[in-house]
Number of protein chains: 2
Amino acid sequence: MDSDFGIARELSPLQQLRSQYRPELPPCLQGTTVRVELGDGTTVAKAGDAHIIARAFPHTLGQPLAHFLRATAKVPDAQIITEHPAIRVGIVFSGRQAPGGHNVVWGLYEALKVHNAKNTLLGFLGGSEGLFAQKTLEITDNVLQTYKNQGGFDLLGRTKDQIRTTEQVNAALKACMDLKLDGLIIIGGVTSNTDAAHLAEFFAEAKCPTKVVGVPVTINGDLKNQFVETNVGFDTTCKVNSQLISNTCTDALSAEKYYYFVRLMGRKHSHVALECTLQSHPNMVILGEEVTASKLTIFDITKQICDAVQARAEQDKNHGVILIPEGIVESIPELYALLKEIHGLLKEGVHADNISAKLSPWSSALFGFLPPFIKKQLLLHPESDDSAQLSQIETEKLLAYLVETEMNKRMKEGTYKGKKFNAICHFFGYQARGSLPSKFDCDYAYAMMTVKRWSQNSGSTTIGRPVIHPATVDLKGKAYELLRQNAQKFLMEDMYRNPGPLQYDGPGADAKAVSLCVEDQDYMGRIKKLQEYLDQVRTIVKPGCSQDVLKAALSVMASVTDVLSTISSSSTSGQQFA
Amino acid sequence: MDSDFGIARELSPLQQLRSQYRPELPPCLQGTTVRVELGDGTTVAKAGDAHIIARAFPHTLGQPLAHFLRATAKVPDAQIITEHPAIRVGIVFSGRQAPGGHNVVWGLYEALKVHNAKNTLLGFLGGSEGLFAQKTLEITDNVLQTYKNQGGFDLLGRTKDQIRTTEQVNAALKACMDLKLDGLIIIGGVTSNTDAAHLAEFFAEAKCPTKVVGVPVTINGDLKNQFVETNVGFDTTCKVNSQLISNTCTDALSAEKYYYFVRLMGRKHSHVALECTLQSHPNMVILGEEVTASKLTIFDITKQICDAVQARAEQDKNHGVILIPEGIVESIPELYALLKEIHGLLKEGVHADNISAKLSPWSSALFGFLPPFIKKQLLLHPESDDSAQLSQIETEKLLAYLVETEMNKRMKEGTYKGKKFNAICHFFGYQARGSLPSKFDCDYAYAMMTVKRWSQNSGSTTIGRPVIHPATVDLKGKAYELLRQNAQKFLMEDMYRNPGPLQYDGPGADAKAVSLCVEDQDYMGRIKKLQEYLDQVRTIVKPGCSQDVLKAALSVMASVTDVLSTISSSSTSGQQFA
């Protein structure tokens, strides 16, 4: 017997209500007519990579960006598509589960049916392995009934998140040919979208007519660029995590005797940790990007936390909450070097028990110093994307252990006079990524079928094979600036903020991620600034102004208008979902 | 500088909305007139304990139960109190934080002010230590502003949850005398309410006029008897935990490769685990009360889980969610015996490092067998109530480790043919008990100031000092029956139910705990049954029935009416909060 994917589920009252919710479509996706403006061909983000990317993607690089237009948009050379011959599309969950994944399937299904009732959507059962084995379930409204606006990936399931080896890409090709698919939608994060880009190229080379589309669905929020502002699942995950972080803040404040070290799932980069900090105002967050930028060692970080604990104790505060992104272990230089050595030895087939003897003197000294539990975790085999098994490495416990040791030492020496340091460790991730999706993720995911082939655009390389690099937290960005402006207050003044449990009605139900809003505000802020300039010109150039002023203004504005018209007609706005 | 207890907090939009919520008062507590019917004196739950309890509580045992009446109730000998001289009351958080604690303070404050505007409520800052040190904050509506319907105990804080030693009770007595308190309200769980009962007796003996009142506020839900159906905080905690458990169920079902072992905070007994199971339908729960009743060893439990994993694998299910109450370690006979030996040695002053050499042969063999991480945790000093530090003992990891070892063995032997067993462990507790309280807990806590001196009623003894025994899960009760009826389906059929995040509007916002509803239904069911009997009599005794039937009916019903009238007028209903 096979698994229970796609069977009807019993829904709780709240789930039932949610299943009735109709996501909103952006105006450019409403109706049956598709209006699309084709922009420039895609270019490579880093000019230096151009040669490698061009060689890896000879068939798919440089395709024009598609900008979907609302019915009222007046763009002279827009393509207006009103006829839609029947097509067959396959869809597969290839990444880790993220809230909203089901809505991508639902949104795609409805978009297909709205354009041609004869269109067919096939879901692959059991992720990429289902794709290779051609196990499908035809998506119907009936099948979707108990999955609309619900969490998880259990409508179709997922397995190994990989479509990469020769055997795997050939199996995928055969499946698409056998099933006569016009399109294959791959739902996932950075790794899956890298695979999708390579698969698209492989299909194009093999003259397979199936178009490959990657959809950025990942709680990590690291699949961002100028065209994709956020990822499906990030909003919900940050809201659920923030709820829990806030609860531990309240707990810390009530008993005033614990420091909570909370590690957050989110892979290598620190988007989740940054967003949760902005939502719930814990005392401290250690961002991987800061650690990298300042080349902080594990001892630097320990000292930083210890100094904070000591400063707080001097104000009679013996509690606190500290966030740690799960990827931090790969940001700390000496730990990363140690991990790379271990992974290298594991790849050579060295048994975990014999690795410590084969490390370089420097790594060996560090390894010897670490407590046994973390040693064991560092020796785990790397993931399929060569990163460490971040979810399994309890960095929060390592830091809590190092801080405790140091605080006990300071206490003995008399430099620390607070209460005995007590840490409680948490890892938040699994319990968030299975959540009912927020309204934002329901809407965003439902509209997501528009994002096409954007992936190779942010392509870059590691050795041999171009991959999509996950976006880092921008240390020059507005969100980080907001954190830095408040960091000292968060640290010392317990300005804990509790957004509360995820709501579907009332305050907070329509809240967007803080980091997203900050960027939005900046965009709108700059538009406002421009309007101020225009108003100033208008004030200066009024009936009664001198001929010279009028002449200068006319000349300059003619030139400005000319430049902007030229730029506008040849670029895409990057606001595809506005 | 002292801590930030009682200062105004910045509230999130949801918190602001919640702070506007008015809890509902039961009819018997509305208005300024107090109508109270005094029932029988309290008796001792177990007759065998009567002598010991009577000796421990000579001044406070046997006081009448107070039954508050609604304005429309017709009870001839009810005391009607309309005059309320001004009083001074102190309130202290003495137990672990539980959602709703702030509403007990608010409800008490408003009740005091409604009865006499000159009444004064003093909050003790920093828990029992604040009581001893007489650190107070006068509660005003202004102080309460940002704490109404909010989670945590940070309005007043808590410290050591103990008012027990001679020094402590004397300090409490001095505080109450110095501050001229008419009443002292102690908010907490089983231990704090035991202390409250003893303190009441101590005050009565010392002729201190301060009345001591214990209020059952505990996430554990173990302070139950015929008068107190549930505890403040239990509803919220179970809802937040169930949200997270359901999310891991969804996660398990999506990837089909993990077993989640989730340990739940809740002290010795398994009320939280039972309620969460009924709310979210995980595959399995190991209740401490079942373990005790069946005298299951750690190996029996391991085998039980392994057999379940194997049975599920035979149906191609390689995932699952298993709940484990944190108190289970004290329910497993051989582990409990080991713990008792360790605690005995620790009390004798034996250093943790030397304990393993001093254990009995049996305990020593078990101890030697256990993995290092759990050894270290078992060696921790016991809590103030002599129980182990349950939150620190990772039984879920021990069980996951034992199950993994056994499944690998079965795999090698060829008896288990499923996927390699993979466990992910969680401990849910701190992140739930700091939550915004549910509507139920807001209402229940707000009305809670009525529960008086009930505590000694469920008193029982350990050596020397009578204590309140926490209620166990009733293995003959309706809630447990509901679990047993469904256990096999939960185990094999993945009937996961997702109540979703705690809501304040729409479906689920007014949901009560399943275990509470089941009991309610039973109560209403029995009332219905009685009405059926009455209807049957009415049908039989109709005009046209024989004289004999009429005579018999009259005689029997006269007797029934007489008996019931007598019983009713001398008992309290146990439905004080109806």
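About the criteria used
Residues numbered from 1 in each chain as written. Chains lettered and ligands numbered in written order. Predicted model: local features only at pLDDT ≥ 70, side-chain atom pairs only at ≥ 80, totals over all residues. Heavy atoms only, no water. Least-squares fit on C-alpha atoms with pLDDT ≥ 70 in both. Contact = heavy atoms within 4.5 Å. Buried area = accessible area lost by both parts, 1.4 Å probe. Salt bridge = Lys/Arg side-chain N within 4 Å of Asp/Glu carboxyl O. Polar contact = N/O pair within 3.5 Å; in protein donor to acceptor, adjacent residues only side chain to side chain. Pairing = 2+ DSSP bridges. Helix = DSSP H or I, 4+ residues; strand = E, 2+ residues; numbered from the N terminus. Axes fitted to C-alpha atoms, helices over the stretch in contact; angles between N-to-C directions. Patch = residues over 30% accessible without salt bridge, like charges linked within 9 Å, V, L, I, M, F, W, Y side chains within 5 Å. Areas by Shrake-Rupley, 256 points an atom, 1.4 Å probe, with all protein chains shown as cover. UniProt positions renumbered as here; feature names shortened; annotations may be inferred. Phe/Tyr/Trp six-rings, centres within 6.5 Å; stacked < 30°, edge-to-face > 60°. Lys NZ or Arg CZ within 6 Å of the ring centre and 35° of its normal. Buried < 20%, exposed > 50% of the residue type's maximum accessible area, 1.4 Å probe, protein only. Expected span 1.5 Å × (residues − 1). Parallel < 35°, antiparallel > 145°, perpendicular 65-115°, else oblique. Left-handed = near helix turned anticlockwise from the far one by under 90°. Nonpolar A, V, L, I, M, F, W, Y, C, P; charged D, E, K, R; others polar. Core = buried A, V, L, I, M, F, W, Y, C linked by side-chain atoms within 4.5 Å. pLDDT = per-residue confidence, 0-100. Disulfide = S-S within 2.5 Å.

Student: Break down the relation of the copies chain A and chain B for me, citing the residues and quoting the values.
Tutor: The transform that puts chain A on chain B rotates by 180° and translates by 0.1 Å along the axis, for an RMSD of 0.1 Å. Viewed as a symmetry operation, the transformation between the two copies matches a two-fold axis. Both copies present the same face, since 100% of the interface residues in chain A are matched by interface residues at the equivalent positions in chain B.

Student: Any chance you could break down the interface of chain A and chain B for me, citing the residues and the numbers?
Tutor: Between chain A and chain B, the contact holds 62 residues from the first and 62 residues from the second. Of the roughly 5000 Å² buried between chain A and chain B, counting both surfaces, carbon and sulfur atoms make up 52%. The largest contributions to the chain A side of the interface with chain B come from A:S254, A:Y430 and A:Q431, which together make up 12% of the buried area. Here chain A and chain B share 4 salt bridges between them. Between B:K397 and A:E394 there is a salt bridge whose closest N-O contact spans 3.4 Å. At the junction of chain A with chain B, the criterion picks out 21 residue pairs in polar contact (both at pLDDT 80 or more).

Student: I'd like a description of the sheet that holds strand β2 (residues 64–68) of chain B, backed by residues and values.
Tutor: Residue and element names in this part refer to chain B. Strand order in this open sheet of 3 strands is β2-β1-β3, and the pairing throughout is antiparallel. Single-partner strands in this sheet number two, and they are β2 and β3 (79–81). Adjacent strand axes in the sheet meet at a mean angle of 35°, parallel and antiparallel pairs treated alike. Sheet topology places strand β1 (residues 34–41) next to β2; 4 bridges connect them, and they run antiparallel. Its bridge partner lying in β2, E37 is registered against H67.

Student: Which residues make up the sheet that holds strand β3 (residues 79–81) of chain A, and what values go with them?
Tutor: Residues and elements named next belong to chain A. Overall, antiparallel pairing links the 3 strands, which are arranged β2-β1-β3 in an open sheet. Each end of this open sheet is capped by a strand with a single partner; those strands are β2 (64–68) and β3. Put simply, the sheet's adjacent strands are angled 35° from each other on average, direction ignored.

Student: Explain a nonpolar patch on the surface residue by residue, including any values.
Tutor: Residue and element names in this part refer to chain A. A contiguous nonpolar patch, built from L530, Y533, L534, V537, V556, M557, V560, V563 and L564 and spanning about 740 Å² of accessible area, is present on the exposed surface. Taken together, the elements giving at least two residues each to the nonpolar patch come down to α21 (514–540) and α22 (547–570). A per-element tally of the nonpolar patch places α22 first, with 5 residues. As for its placement among the helices and strands, V537 is situated in helix α21.

Student: Can you break down the UniProt feature "domain: Phosphofructokinase" (unreviewed entry) in chain A residue by residue, with the values?
Tutor: Under the present numbering, the feature "domain: Phosphofructokinase" (unreviewed entry) in UniProt falls on residues 88–441 of chain A. Helix makes up 50% of residues 88–441 of chain A and strand makes up 13%, while its end C-alpha atoms are separated by 26 Å.

Student: Account for the packing of aromatic side chains, naming residues and giving values.
Tutor: Using the criterion set out here, one finds 22 aromatic pairs over all chains in the structure. When the centroid spacing of 5.0 Å and the interplanar angle of 70° are considered together, the rings of A:W106 and A:Y446 count as edge-to-face. You can see A:W106 sitting in helix α3 (residues 101–115) and its partner A:Y446 sitting in helix α19 (residues 439–446), a full 340 residues away along the chain. Their ring planes at 65° and their centres at 5.6 Å tell us that A:Y260 and B:Y430 sit as a pair that is edge-to-face. Residue A:Y260 is located in strand β9 (residues 259–264), and its partner B:Y430 is located in helix α18 (residues 430–433); the two belong to separate chains. Taken together, the ring pairs in this structure connect A:Y258, A:Y260, B:F427 and B:Y430 into an aromatic cluster. Lying across the ring of A:Y336, A:K268 places its NZ or CZ 4.9 Å from the centre. Between the NZ or CZ atom of B:K375 and the centre of the ring of B:F367, over which it lies, the distance is 5.7 Å.

Student: Give a description of the environment of B:I7 that names residues and reports values.
Tutor: Residues and elements named next belong to chain B. Within the secondary structure, I7 sits in the segment before α1 (13–19). With a relative accessible area of 41%, I7 lands in the partly exposed category. With sequence-adjacent residues up to four places away left out, I7 is seen in contact with T146 and Y147.

Student: Hey, could you go over the pattern of salt bridges for me, with residue numbers and the actual values?
Tutor: Residues and elements named next belong to chain A. Applying the stated criterion to the full structure yields 44 salt bridges over all chains. We note a salt bridge from D307 to R410, for which the minimum N-O separation is 2.9 Å. Remark: R410 occurs in helix α17 (residues 395–413) and D307 occurs in helix α11 (residues 298–313); sequence separation between them is 103 residues. A salt bridge links D510 to K439; its shortest N-O distance comes to 3.1 Å. On the criterion of sequence distance, the pair formed by D510 in the loop between α20 (478–493) and α21 and K439 in helix α19 is long-range, its members being 71 residues apart.

Student: For the side chain of B:K239, give the residues involved together with the corresponding values.
Tutor: As for its position among the elements, B:K239 is in helix α8 (residues 234–255). Setting aside residues up to four positions removed in sequence, B:K239 forms contacts with B:Q279, B:S438, B:L502, B:G508 and B:A511.

Student: Could you give an account of the side chain of B:S515, with specific residues and numbers?
Tutor: Residues and elements named next belong to chain B. In this fold, S515 is placed in helix α21 (residues 514–540). Within the structure, the side chain of S515 is placed 2.5 Å from the side chain of E275, a separation counted as a polar contact. Dropping the residues within four chain positions of it, S515 is found in contact with F234, E275, L278 and A479.

Student: Could you give me a rundown of helix α7 (residues 190–205) of chain B, with the residues and numbers involved?
Tutor: In an α-helix there are 3.6 residues to a turn, and that puts residues three or four apart on one side. All names here are of chain B. With 16 residues, α7 should cover 22 Å at 1.5 Å per step; its first-to-last C-alpha distance of 23 Å lies within 8% of that length. Across the 16 residues that make up α7, a large majority, 12, are buried. Among all positions in α7, only V190, S192, N193, T194, D195, A196, A197, H198, L199, A200, E201 and F203 are buried. Structurally, α7 contributes buried residues whose contacts are with α2 (50–56), α6 (166–178), β7 (183–188), β8 (211–216) and β14 (466–468).

Student: Lay out helix α17 (residues 395–413) of chain B with the relevant residues and their values.
Tutor: All names here are of chain B. Its 19 residues place the ends of α17 27 Å apart at the C-alpha level, agreeing with the 27 Å of an ideal helix rising 1.5 Å per residue. For α17, the complete set of buried residues consists of T395, E396, L398, L399, A400, L402, V403, M407 and R410. Following α17 by one or two positions, G414 adopts a phi angle in the positive range, close to 85°.

Student: For the packing of helix α9 (residues 271–280) of chain B against helix α20 (residues 478–493) of chain B, give the residues involved together with the corresponding values.
Tutor: Helix-helix packing is characterised by the crossing angle of the two axes and by the distance between the axes. Residues and elements named next belong to chain B. Running from amino to carboxyl end, α9 crosses α20 at an angle of 55°, the nearest separation of the two axes being 10 Å. Relative to α20, the element α9 is oriented oblique. Between α9 and α20 the crossing geometry is left-handed. Where α9 abuts α20, its residues L274, T277 and L278 lie against A479, Y480, L482, L483 and F490. Here the residues of the contact of α9 with α20 sort into 7 nonpolar, 1 polar and no charged.

Student: Which residues make up the nonpolar core, and what are the values?
Tutor: Counting residues in hydrophobic clusters, the biggest one holds 135 residues, and the most contacted among them are A:V105 and B:V105. Those residues in contact with B:V105 that lie beyond four places of it in its chain are B:I91, B:F93, B:L121, B:I139, B:L144, B:L155, B:L156 and B:I187.

Student: Got a sec to walk through the environment of A:Y416? Specific residues and values, please.
Tutor: Residues and elements named next belong to chain A. As for its placement among the helices and strands, Y416 is situated in the loop between α17 and β12 (423–428). Along the sequence, Y416 and C306 sit 110 residues apart, while their C-alpha atoms lie 9.6 Å from each other. Apart from residues lying up to four places away in sequence, Y416 is in contact with V309, Q310, A313, N318, M407, R410 and M411.

Student: Summarise the confidence of the model for chain A; cite the residues concerned and give the values.
Tutor: Residues and elements named next belong to chain A. Within chain A, residue pLDDT values average 89, and 93% of them lie at 70 or more. Counted against residues more than four places away or in other chains, residues 450–463, with its pLDDT under 50, gives 49 contacts. For the stretch residues 571–578, pLDDT sits under 50, and the model shows 21 contacts to residues farther than four places along the chain or on other chains. The ipTM assigned to the predicted complex is 0.85, against a pTM of 0.87.

Student: Can you tell me about the state of the cysteines, naming the residues and giving the values?
Tutor: All names here are of chain B. Scanning the entire structure with this criterion turns up 0 disulfides over all chains. Not part of a disulfide, C249 finds its nearest cysteine sulfur in C276, a span of 11 Å. Note on C249: relative accessible area 0%, which makes it buried. Cysteine C425 is unpaired, with the sulfur of C306 as its nearest cysteine sulfur at 14 Å. C425 sits in the partly exposed class, given a relative accessible area of 25%.

Student: Hey, could you go over the environment of A:T248 for me, with residue numbers and the actual values?
Tutor: By secondary structure assignment, the location of A:T248 is in helix α8 (residues 234–255). For the pair A:T248 and A:Y259, spaced 11 residues apart in sequence, the C-alpha separation works out to 9.5 Å. Those residues in contact with A:T248, other than ones at most four positions away along the chain, are A:Y260, A:V321, A:H426, A:F428, B:Y430 and B:Q431.

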